[in-house]
Amino acid sequence: MKYKISVLFICMGNICRSPTAEGVFNSIVKVQNLSDKIITDSAGTHAYHIGNQPDARAQVTAKNHGIDLSNLVARKVTAQDFKDFDYIIAMDNENLINLKSIQSDLRFSAKASVHLFMEFADNWQNDEVPDPYYDNGFEDVYRMVTDASQGLLKQILKDSNN
């Protein structure tokens, strides 16, 4: 890998799924000694929680697996993100639709390729990472994003070698 690859994880409010995905993906990247080659961020398609830390339940779940999310702060996705990031990864179809709507309104050529996160998972049949906010499914989300993160990293490494 010759240059830095940038990945942006997206959910609705940027306090549950996307910060969990960012933290998990970063931990996998770190274990593979690729932190100097891959940078990440997360954002939401809605401005509900701008400036807030991830949901306490997401933080506890991640912490139980050795991942600290406390330094992350929610923000809203911007048009500039489509220019700045190589991969924009949506947690679900609704957010994918929101991202494609933003992308179609751009007045510049977007660098980012936009994907559903679960496209990269090997061990789950789900198309989407469900929102754990109301049903307290944080452990399932953690397991799903771990699987999808491993697949995403494989894809990034494959893409960067072509």
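One structure accompanies this document, and this report is about it. (Residues numbered from 1 in each chain as written. Predicted model: local features only at pLDDT ≥ 70, side-chain atom pairs only at ≥ 80, totals over all residues. Heavy atoms only, no water.)

### Digging into the packing of aromatic side chains
Stated formally: The criterion for an aromatic pair is that two Phe, Tyr or Trp rings (for Trp, the six-membered ring) have centres within 6.5 Å, with stacked assigned to planes under 30 degrees apart, edge-to-face to planes over 60 apart and tilted to the rest. Throughout, exposure labels follow a simple rule: accessible area from a 1.4 Å probe, protein chains only, divided by the maximum for the residue type, with under 20% read as buried, over 50% as exposed, and the rest as partly exposed. Placement of a charge over a ring requires the Lys NZ or Arg CZ to be within 6 Å of the ring centre, with the centre-to-atom vector within 35 degrees of the ring normal.
One pass over the structure, following the stated rule, counts three aromatic pairs. Centroid distance Tyr133 to Tyr134: 4.8 Å. Interplanar angle 80°. Geometry classified as edge-to-face. The exposure class assigned to Tyr133 is partly exposed, which follows from its relative accessible area of 31%. Through pairs of rings, three or more aromatic residues link up here, namely Phe9, Phe25 and Phe117. The cationic tip of Arg57 hangs over the ring face of Tyr133; the distance from NZ or CZ to the ring centre is 5.1 Å. In this structure, Lys83 packs its charged tip against the face of Phe108, placed 4.5 Å from the ring centre.

### Notes on empty space enclosed by the protein
Stated precisely, the cut-off is as follows: Whether a set of points on the 1 Å grid over the protein atoms alone is a cavity depends on a 1.4 Å probe fitting there but being unable to get out, while an open set qualifies as a pocket with protein on both sides within 12 Å along at least five of seven lines; lining residues are those with an atom within 4 Å of a point. Grid points are joined across faces, edges and corners, and a volume is the space filled by probe spheres set on the points. Counting from the N terminus, the helices are DSSP H or I runs at least four residues long and the strands are E runs at least two residues long.
Counting across every chain of the model gives one cavity of 30 Å³ or more. Of the volumes computed, that of the largest cavity is approximately 30 Å³. Put simply, the parts of the chain that give the lining of the largest cavity at least two residues each are helix H2 (56-64) and helix H5 (138-160). For the lining of the largest cavity, the element with the highest residue contribution is H5, accounting for three residues.

### As for the sheet that holds strand E3 (residues 87-90)
Within a sheet, adjacent strands bond to each other through the backbone by hydrogen bonds, running parallel or antiparallel. Cut-off, in case you're wondering: What makes two strands pair is DSSP finding at least two bridges between them. Axis angles are defined between N-to-C directions and span 0 to 180 degrees, where every axis is a line fitted to C-alpha atoms and, for a helix, only to the segment in contact. Residue contacts are defined here by distance: any two heavy atoms, one from each residue, within 4.5 Å place the two residues in contact.
The strand order across the open sheet built from four strands is E2-E1-E3-E4, with neighbouring strands paired in parallel fashion. Taken across any chain shown, the strands that pair with only one partner, and hence form the sheet edges, are strand E2 (38-44) and strand E4 (113-116). Neighbouring strand axes in the sheet, compared pairwise and without regard to direction, differ in orientation by 25° on average. One ladder, built from seven bridges, connects strand E1 (residues 5-11) with E2; its direction is parallel. Across the sheet, Ile10 pairs through a bridge with Ala43, a residue of E2. Against the sheet, helix H1 (residues 17-31) engages E1 and E2, with an angle of about 170° to E2.

### Considering H1
The α-helix advances 3.6 residues per turn, and as a result positions three or four apart in sequence lie on the same side. Cut-off, in case you're wondering: By definition here, a helix of n residues has an expected span of 1.5 Å times n minus one.
Between the first and last C-alpha of H1 there are 21 Å, a value that for 15 residues agrees with the 21 Å anticipated at 1.5 Å per step. Here H1 lies mainly inside the structure; 11 of its 15 residues are buried. Residues Arg17, Ser18, Pro19, Thr20, Ala21, Glu22, Gly23, Val24, Phe25, Ile28 and Val29 constitute the buried set of H1. At its buried positions, H1 is contacted by E1, E2, H2, helix H4 (93-104) and H5. After H1 finishes, the residue Asn33 shows a positive phi value of roughly 55°.

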